[in-house]
Amino acid sequence: MLLPPDLRTLGYGELPVIIKLNELSYVHEDEHIQPVYPWAGVRDILEYVTCVEFAKSRLLALPTGRALGGVNVTPARHDSASLVFFAQATLDNLAVWLNDVFQLNLKGNNVSFYKNQIKLKLGEKYCGFTQVLDDYEHFIQNLNSYRMEWLHRVAGGAQIYSDKAPSEPDANISIQVPIDPVIPSLASERQRYLKRIQKVQQKNGGKWLMPIDEFAVHIQSKTKGLLIELLECTIAAKVA
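First, a word on what this report is: a plain description of the structure on this page.

Criteria and thresholds
Residues numbered from 1 in each chain as written. Predicted model: local features only at pLDDT ≥ 70, side-chain atom pairs only at ≥ 80, totals over all residues. Heavy atoms only, no water. Helix = DSSP H or I, 4+ residues; strand = E, 2+ residues; numbered from the N terminus. Buried < 20%, exposed > 50% of the residue type's maximum accessible area, 1.4 Å probe, protein only. Contact = heavy atoms within 4.5 Å. Phe/Tyr/Trp six-rings, centres within 6.5 Å; stacked < 30°, edge-to-face > 60°. 1 Å grid on protein atoms, 1.4 Å probe; cavity = no way out; pocket = protein on both sides within 12 Å on 5 of 7 lines; lining within 4 Å. Points joined across faces, edges and corners; volume = space filled by probe spheres on them. Nonpolar A, V, L, I, M, F, W, Y, C, P; charged D, E, K, R; others polar. Pairing = 2+ DSSP bridges. Axes fitted to C-alpha atoms, helices over the stretch in contact; angles between N-to-C directions. Parallel < 35°, antiparallel > 145°, perpendicular 65-115°, else oblique.

Here's the deal with the environment of Asp163
- Along the chain, the position of Asp163 falls in the loop between β3 (159–162) and β4 (173–178).
- Taking relative accessible area as the criterion, Asp163 reaches 48% and is therefore assigned partly exposed.
- Separated by 72 residues in the primary sequence, Asp163 and Leu91 have C-alpha atoms spaced 36 Å apart.
- If near-sequence neighbours (up to four positions away) are discounted, Asp163 is found in contact with Ala171 and Asn172.

Considerations on the packing of aromatic side chains
- Within this structure, the stated rule accounts for eight aromatic pairs.
- Residues Tyr48 and Phe86 carry aromatic rings whose centres are separated by 6.4 Å and whose planes lie at 45 degrees to one another, so their mutual orientation is tilted. With Tyr48 in helix α3 (residues 42–60) and Phe86 in helix α4 (residues 73–101), the pair connects residues that are 38 residues apart, well separated along the chain.
- Here Tyr48 falls in the partly exposed class, since its relative accessible area comes to 28%.
- Ring plane angle 65 degrees and centroid distance 5.3 Å describe the contact between Tyr146 and Phe215, whose orientation is recorded as edge-to-face. Here Tyr146, found in helix α7 (residues 137–152), pairs with Phe215, found in helix α9 (residues 212–238); they are 69 residues apart in sequence, far enough to count as distant. In terms of burial, Tyr146 and Phe215 fall into one category: buried.
- Members of the aromatic cluster, each reached through a chain of ring pairs, are Phe102, Tyr126 and Phe129.

Some details on the layout of surface pockets
- Roughly 520 Å³ of internal volume is contained in the largest pocket.
- Every residue lining the largest pocket is counted, 22 residues in all, and those nearest its centre are His138, Asn142, Ile179, Asp180 and Asn204.
- Looking at the lining of the largest pocket element by element, the count peaks at seven residues for α7.
- Classifying every residue of the lining of the largest pocket by side-chain character gives nine nonpolar, six polar and seven charged.

With respect to the pairing of β4
- The buried fraction of β4 amounts to five of the six residues, a majority that puts the element mostly inside the structure.
- Where β3 lies against β4, four bridges are found, and the strand directions are antiparallel. If you follow Tyr161 over to β4, its bridge partner there is Ser174.
- The pairing of β4 with strand β5 (residues 209–211) spans three bridges and is antiparallel. Bridge assignment links Pro178 to a residue of β5, and that residue is Leu209.

Section: unusual backbone geometry
- Cis geometry marks the peptide bond from Tyr37 to Pro38, where omega comes out at 15 degrees.
- As for its position among the elements, Pro38 is in the loop between β2 (32–35) and α3.
- At Gln103, a position not held by glycine, the phi torsion is positive, near 50 degrees.
- With respect to the helices, strands and loops of the structure, Gln103 is situated in the loop between α4 and α5 (117–125).
- Residue Gln103 is classed as exposed on the basis of its relative accessible area, which comes to 64%.
- In this structure, Asn105 is a non-glycine residue whose phi angle is positive, near 60 degrees.

A closer look at the packing of α5 against helix α6 (residues 127–135)
- At their nearest, the axes of α5 and α6 sit 5 Å apart, and the two run at 145 degrees to each other. Here Lys119, Leu122 and Gly123 of α5 lie close against α6, whose contacting residues are Cys127, Phe129, Thr130, Leu133 and Asp134.
- Of the residues belonging to the contact of α5 with α6, the class tally is four nonpolar, two polar and two charged.

Here we look at the packing of α6 against α9
- Closest axis-to-axis distance for the α6/α9 pair is 9 Å, and the angle between their directions is 170 degrees. Comparing the axis directions of α6 and α9 gives the class roughly antiparallel. Of α9, the residues touching α6 (which contributes Gly128, Phe129, Val132 and Leu133) are Leu226, Glu229, Leu230, Cys233 and Thr234.
- Residue classes in the contact of α6 with α9 are distributed as six nonpolar, two polar and one charged.

This is the structure we're talking about:
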């Protein structure tokens, strides 16, 4: 009942925390099923996860190498941006839900994991929240950086890259995403652009781009992992 059909086919229904939430979210009364809140509200959050999973599947289905062409640029940009936006929407809606569940009384953009207030407030309710949010801090901030860059710039999203002229027979053509989402916006400022790339390369073994399949799996898995762990903390704090 709690899970959208697409997530059931992906095995989410086998996760212990989802099984427990499904038990908490609905009761049978006479001839109908009655939702039980706040638990039933998780369904709305999971609808966003469905969109994250769909965007991931489309990105993983993109052609590779010489099979790539200009026709693949828009799908790559659209679906990579969708992946980021729906991942951020998942976290934003989860933050709103937790704010209500624990009556944190946070307002505005403080009801966001990329702000520090919600971690402090949740940590007062249950210490496990602090550890989880610390563990995912880099992902949370990086996801928000992608969201902010790609939401406001047409250059956002994945692009087709080649290590030499695509017409060359040995050119390596691929769809990739800058590890640092700010890099494309600096293309008109050559010195800053190169300096930013070099800085990223120093931290990432010479790489400044991430293959689209790696990016898709990273965003999806981190979003899912953070969601599941925060739901586990919520149940531990409210039910145990």
